[in-house]
2 protein chains.
Amino acid sequence: MTFLGFQRIFVCMSDTIKLPEKYNLNDYQCPSVTVDILVFTIEASELKVLLIKRAIEPFKDEWALPGGFIKMDESLEAAALRELVQETGVKNVYLEQLYTFGDTNRDPRSRVITVAYFALVPSAKLDLKASTDAADVAWFPIKKLPKLAFDHKKIIDYAMNRLTSKIEYSNIVYGLLPIKFRLSELQKVYEVILSKKMDKRNFRKWILSLGLLEATGEKDTDGAHRPAELFKFKKREPVLFD
Amino acid sequence: MTFLGFQRIFVCMSDTIKLPEKYNLNDYQCPSVTVDILVFTIEASELKVLLIKRAIEPFKDEWALPGGFIKMDESLEAAALRELVQETGVKNVYLEQLYTFGDTNRDPRSRVITVAYFALVPSAKLDLKASTDAADVAWFPIKKLPKLAFDHKKIIDYAMNRLTSKIEYSNIVYGLLPIKFRLSELQKVYEVILSKKMDKRNFRKWILSLGLLEATGEKDTDGAHRPAELFKFKKREPVLFD
DNA sequence: TGAATAGTGTCTTTCAGACAATATGCC
DNA sequence: GGCATATTGTCTGAAAGACACTATTCA
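In short, a report on the structure. (Residues numbered from 1 in each chain as written. Chains lettered and ligands numbered in written order. Predicted model: local features only at pLDDT ≥ 70, side-chain atom pairs only at ≥ 80, totals over all residues. Heavy atoms only, no water.)

## Some details on the packing of aromatic side chains
Residues and elements named next belong to chain A.
Then, number 1: The full count for this structure, using the stated rule, is 28 aromatic pairs over all chains.
Then, number 2: Look at Tyr94 and Tyr174: their rings are 6.1 Å apart centre to centre, the planes differ by 85 degrees, and that puts the pair in the edge-to-face class. With Tyr94 in strand E5 (residues 94-101) and Tyr174 in the loop between helix H4 (152-166) and strand E8 (181-182), the pair connects residues that are 80 residues apart, well separated along the chain.
Then, number 3: Taking relative accessible area as the criterion, Tyr174 reaches 7% and is therefore assigned buried.
Then, number 4: Every member of this aromatic cluster is reached through a ring pair, and the members are Phe40, Tyr94, Phe118, Tyr174, Phe181 and Phe233. (Phe/Tyr/Trp six-rings, centres within 6.5 Å; stacked < 30°, edge-to-face > 60°. Helix = DSSP H or I, 4+ residues; strand = E, 2+ residues; numbered from the N terminus. Buried < 20%, exposed > 50% of the residue type's maximum accessible area, 1.4 Å probe, protein only.)

This is the structure:
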C-alpha cells in the first residue's frame, strides 16, 4: 500500500527535504499542471466562449481555451483568476472549478494535467482589446465552434453539461447579467443556454417564487413600448435550491 | 497573455524537449500531483469511509485518505483505480472524480495538488486484510470520524455533499449494493446516506416509477417472515434523471 | 393609432407526501 | 397462532405546464 506522502520525499522537490544523491530528472518527472478557463458570455442572443489562437506548435494557428501554468505560490483558483484578468480584464465574476483532465496523451509533447474552470461574465464587461496583448482572441458562439486544439472540445462539452444543468437549480446566471436587468432579459439567458423557448408567464411565476430576486422600483425604457421594471438578485453569490 | 504551452519548455521536463542550460530546480519547480480516494460503503446501517493511519511525518499516526502520486504514464482515473485495488482489492466499482484541491499550503512540506475521487463499493466486497499489507487500515462511520490529516476533512465534507445530492438524481447507489437486492435494502441505503427515515410506500412508488429497476422473479428468505422479491438495476452504469 | 414589449390569471395535470391494513413464511 | 417483514392504494396539497388578453410608451 502507498501511504499518502510515502513516496513524496523521492518524487517531489521541496525546499525543506533533501533529494537523494542519485536524483535523476528522468526517473522522477512530475507532470505539468495548467489551468484552462472557459469564459462564457451572452451576446446577440448567443452563448459565446472566449478562445485564443495558438501562436506556437503544437496546434499552431488553431483555436484553444486560454490557460497557463500554475505558479508554485498560487492556489488553483488564484491561477484561474489571474488568467481571467489577463484575458478579459474583468474581476468579480462567477468562477467555478469544472473538472480536471489528465489523460496521458492529451498534450503531444509531455504529460500535462489541466484543471478547467469556467467563468460567467456579463456582456457589458467585455473589453478584450484593452486588456490583452494578443491579437487573436475572439468570442465564438457555442454552436459554431472552430476546430479546437488539444482535448478542448471535450472540455467545452463538459462545461456545457454543467452549465445547462446548474442554471436549473442555482442562481449562477447572475454572472451573465448586469446588476439590474429586466425579467425578459433574464428569461432570454435561460432560453439561450437551454436552447428552448419558454412561456413568459410560467417563467416569471417560477423565477419569482424562488425568492432570489427583488424589484428595484426602477423602470427601463428602451424604445417605443411600455417600460420594464428592473430587478436584481438579492445575492450575487452562489445559491443552490431544489 | 500566456498561451497554453508558451512556458512549457521552461517549466516541464519532457524527453523530447531540451532544457535550457541554466536550468535550476528551484526556479522551475512543478507541483506534485496526487490522487486521493474516498471509498464509501454501507455496513451495519452506517455509511463508512476507508482511512489509513499515516506511518510517517507529517501527521504521523493520524488518519488520512488513501492516495498516492500519479505515474507519468497513467491517467488520473487509472491512478485512482490503482489505489483502489491496492487498498480494497475490488474492481468494477463506481468511481467518480470529485474535485481538485490545490491550496498552496495544504501539505506542509511542498506544493501538492490532489485530485480526489470517490468510489462506492458494496459491503459484501470488503476484504481489507487480504488485499493490503498495511495494518492500520479501517472503516470509519462518516459520523464518527477521527482527526484527519491535511485537508482531508474538507475533502470528505465535499464528497458527502456530492453524494447526498447525487443519489437523488442518479442511479449511483447501485455501487453500494450487490447485483440483486430487496427494495427494503435499497431504501435503507437512501435513509443512511440522507440521514432521514422515509415512508416505505412513497419510496417504492418513487423508485419504481423511475424505471431503473427490474424484478428478478427470485425471492429472498432470511427469517421468520414473508420473503422479499429481489430486484436489480437494469443498468449498472451511471444514469442521470430529472 | 399603430408598433413593440410589459405584465397578468385560470385551468389541468402531475408529482410529493401523509397515512394503515392485509399477505406470507417461518418458528 | 405469533412474529417479523413484504406488499399495496387513496387522499390532499403543491408545483408545472398549457394557454390569451390588457397595459404602457413612443413614434
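## As for the environment of Lys144(B)
All names here are of chain B.
Then, number 1: Within the secondary structure layout, Lys144 lies in the loop between strand E7 (137-141) and helix H4 (152-166).
Then, number 2: Exposure remark for Lys144: the relative accessible area of 54% places this residue in the exposed category.
Then, number 3: Taking the C-alpha atoms as reference points, Lys144 and Lys48, separated by 96 residues in sequence, lie 9.2 Å from one another.
Then, number 4: Here the side chain of Lys144 touches Glu46 through a polar contact of 3.0 Å, side chain to side chain. (Polar contact = N/O pair within 3.5 Å; in protein donor to acceptor, adjacent residues only side chain to side chain.)

## Some remarks on the sheet that holds strand E10 (residues 228-233) of chain B
Residue and element names in this part refer to chain B.
Then, number 1: Taken together, the 3 strands give an open sheet; going across it, the order is E8-E10-E9, and neighbouring strands pair in antiparallel fashion. Looking at strand neighbours, the two that pair on one side only are strand E8 (181-182) and strand E9 (213-220), the edges of this open sheet.
Then, number 2: Sheet analysis places E8 next to E10, joined by 2 bridges and oriented antiparallel. Along E10, the bridge assignment pairs Arg182 with Leu230. (Pairing = 2+ DSSP bridges.)

## Looking at the pattern of salt bridges
Where charged atoms from two side chains of opposite charge approach closely, those side chains can pair.
Then, number 1: All told, the structure shown has 37 salt bridges over all chains when counted by the stated rule.
Then, number 2: Asp151(B) is the salt-bridge partner of Arg106(B), the closest N and O atoms lying 2.7 Å from each other. With Arg106(B) in the loop between strand E5 (94-101) and strand E6 (112-120) and Asp151(B) in the loop between E7 and H4, this pair connects stretches of sequence that are 45 residues apart. Asp151(B) shares its class with Arg106(B); the two are buried.
Then, number 3: Within this structure, Glu74(A), Arg82(A) and Glu83(A) form a network of salt bridges that share partners. (Salt bridge = Lys/Arg side-chain N within 4 Å of Asp/Glu carboxyl O.)

## Observations concerning the protein's contact with DNA strand C
Then, number 1: Around DNA strand C, a shell composed of 22 residues is seen, among which Ser184(A), Arg204(A), His225(A), Ala224(B) and Arg226(B) lie nearest.
Then, number 2: When atoms of DNA strand C within 4 Å of the protein are sorted by moiety, sugar and phosphate together comprise 40%.
Then, number 3: Secondary-structure elements contributing two or more residues to the surface near DNA strand C are helix H6 (200-209) and strand E10 (228-233) of chain A together with helix H6 (200-209) of chain B.
Then, number 4: Considering each element in turn, the surface near DNA strand C owes the most residues, 4 residues, to H6(A). (Near = heavy atom within 4 Å.)

## Considerations on unusual backbone geometry
Among all residues save glycine, negative phi is the norm, and among peptide bonds the norm is trans.
Then, number 1: Between Glu57(A) and the following residue, Pro58(A), the backbone shows a cis peptide bond with an omega angle of -10 degrees.
Then, number 2: Its place among the elements puts Pro58(A) in the loop between strand E2 (46-53) and strand E3 (63-64).
Then, number 3: Phi is positive for Ser45(A), close to 60 degrees, though the residue is something other than glycine.
Then, number 4: Examined against the element boundaries, Ser45(A) turns out to sit in the loop between strand E1 (32-43) and E2.
Then, number 5: Non-glycine residue Ala44(B) carries a positive phi angle of around 50 degrees.
Then, number 6: You can see Ala44(B) is positioned in the loop between strand E1 (32-43) and strand E2 (46-53).

## Details of the environment of Pro141(A)
Residue and element names in this part refer to chain A.
Then, number 1: Counting through the fold element by element, Pro141 comes out in strand E7 (residues 137-141).
Then, number 2: Judged by its relative accessible area of 14%, Pro141 falls in the buried class.
Then, number 3: If we ignore the near neighbours within four places in the chain, the residues touching Pro141 are Glu46, Leu47 and Lys48. (Contact = heavy atoms within 4.5 Å.)

## Re the pairing of E2(B)
In regular strands, side chains alternate between the two faces of the sheet.
All names here are of chain B.
Then, number 1: Of all 8 residues that make up E2, 6 are buried, and the element is covered over most of its length.
Then, number 2: As judged from the 4 bridges shared by E1 and E2, these two strands associate in the antiparallel manner. Pairing of Phe40 across the sheet is with Val49, part of E2.
Then, number 3: Taken together, E1 and the strand that follows it, E2, pair antiparallel across an intervening segment of 2 residues, in which Ala44 is found at a positive phi of about 50 degrees.
Then, number 4: Bridge count for E2 against E7 is 5 bridges, and the pairing is antiparallel. The residue of E7 that forms the bridge with Leu50 is Trp139.

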